[in-house]
Amino acid sequence: MNDVLTNILLSILTLDTIRSVIAMLGWVKPESKFAWIIYGRYDRNILEAALKDLGYSKERRISVIEDLKTAAKKNASLTGINNNNAAVQLLILLSKYTENFSKTPIQYGGSTLTNSSYYIDTMEISHSKKDLDLMAAIMLCLIQSNLKNKPEVVLVPKGGNPLFAQSVASNLNANLIVVKSNADKSKITTTDKNSIDLFKINYEGSWGVLKKEKFLKTVVLDCNTSGGSQLIDIITGTNWMIDNSNGQINLKSPQQAFVLFCADRQGEQIDDRFTGINSKLIRYFDLDESTKKMLYQLKEQCQNEDRLPDYYIDSDREKAEAIIAKLKQNNKYYYK
């Protein structure tokens, strides 16, 4: 097939023409019951007509459309997510998974514990295919707006959210490596500083990387962090492995760690911790008790209306935008 024609047709299918425009404007939710009345088969009919005018037989037209649909299918889950609405979409998604512990406050964190009346269960998001795809698409916006070249290797803590990292890595066509923490009982140690076996066993999924002939762009990723300890341990540990591998580990030093959000650390300067290891923590925003309360209030109101938080509901978007305004006011919003 002519390359120009291929690019044009693939672009039409990937953008999903009218479907994407209407979805991004929020007029009609694509999966709503009567959405087919609006969408119909308009985009497919345009493609068939274009191919017919170019002299393609009926059989060839069907084959071309099916091939292009397969190629575009990977991007279908991203429909409706873009750089302008990613933060709002994220807040609405997080509100759906925010739990209230006001009667018995909880503690979480690693080296330093945080007290909170709310918990955002991003691990649970990863067990919903639809919401996992949405969360991965939101992370892709964050990565693509901060890096000129896409990462070739994604490192994720084994105690983090590997399902989420796998989804992101798959969309990036990157190698996923799951890294064992120092507290993991299956982590091996040796007195041989140059032992490549340390890397092969403690960095799960790394064997293929060792066969690469070039050094690969590497980032660290997780759904969220509190104090950043796991991410920092991965960066410092990976740098040590690279420096002591005699060139056998073909990774570039990870200089960026990506999370969707950071929990408030009661004044701790988390960015300074990453700067101290020549890295940077990149996220949409930092949440504190007041903004987590707003997330839960959004969920609570939706529950009273017997529904889930939804980007396509005007009142839900307005509440999410109010949270963003507060985050900006408190200098806790970083997405550009």
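You'll find the structure just up there.
All of these numbers come straight from a predicted model, not from anything done at the bench.

A. Highlighting the overall build of the protein. Across its full length, the protein holds 14 helices and 13 strands. Expressed as a percentage of the 336 residues in the protein, the buried residues total 46%. Pairs at least 24 residues apart make up 70% of the contacts formed inside the protein by residues separated by at least 6 positions. Entry remark: accessible area of the protein is about 17700 Å², with carbon and sulfur atoms responsible for 50%.

B. View of the pairing of strand β8 (residues 218–221). Here β8 shows a buried face lined by T218 and V220 and a second buried face lined by V219 and L221. In the sheet, strand β5 (residues 153–157) pairs with β8 via three bridges, with the strands oriented parallel. Within β8, the position partnered with V154 by the bridge is V219. In this structure, β8 lies alongside strand β10 (residues 256–258), joined through two bridges in parallel fashion. Considered in β10, the bridge of V220 is made with A257.

C. Molecular detail of the packing of aromatic side chains. The full count for this structure, using the stated rule, is five aromatic pairs. Ring plane angle 80° and centroid distance 5.4 Å describe the contact between Y311 and Y312, whose orientation is recorded as edge-to-face. As far as the burial class goes, Y311 and Y312 line up, both buried. One aromatic cluster is present, formed by Y284, F285 and Y335 through successive ring pairs. Geometry around W207 places K200 over its ring, the cationic atom sitting 4.6 Å from the centre. The ring of Y334 carries R283 above its face, with NZ or CZ at 4.1 Å from the centroid.

Cut-offs applied
- Residues numbered from 1 in each chain as written.
- Predicted model: local features only at pLDDT ≥ 70, side-chain atom pairs only at ≥ 80, totals over all residues.
- Heavy atoms only, no water.
- Helix = DSSP H or I, 4+ residues; strand = E, 2+ residues; numbered from the N terminus.
- Buried < 20%, exposed > 50% of the residue type's maximum accessible area, 1.4 Å probe, protein only.
- Contact = heavy atoms within 4.5 Å.
- Areas by Shrake-Rupley, 256 points an atom, 1.4 Å probe, with all protein chains shown as cover.
- Pairing = 2+ DSSP bridges.
- Phe/Tyr/Trp six-rings, centres within 6.5 Å; stacked < 30°, edge-to-face > 60°.
- Lys NZ or Arg CZ within 6 Å of the ring centre and 35° of its normal.

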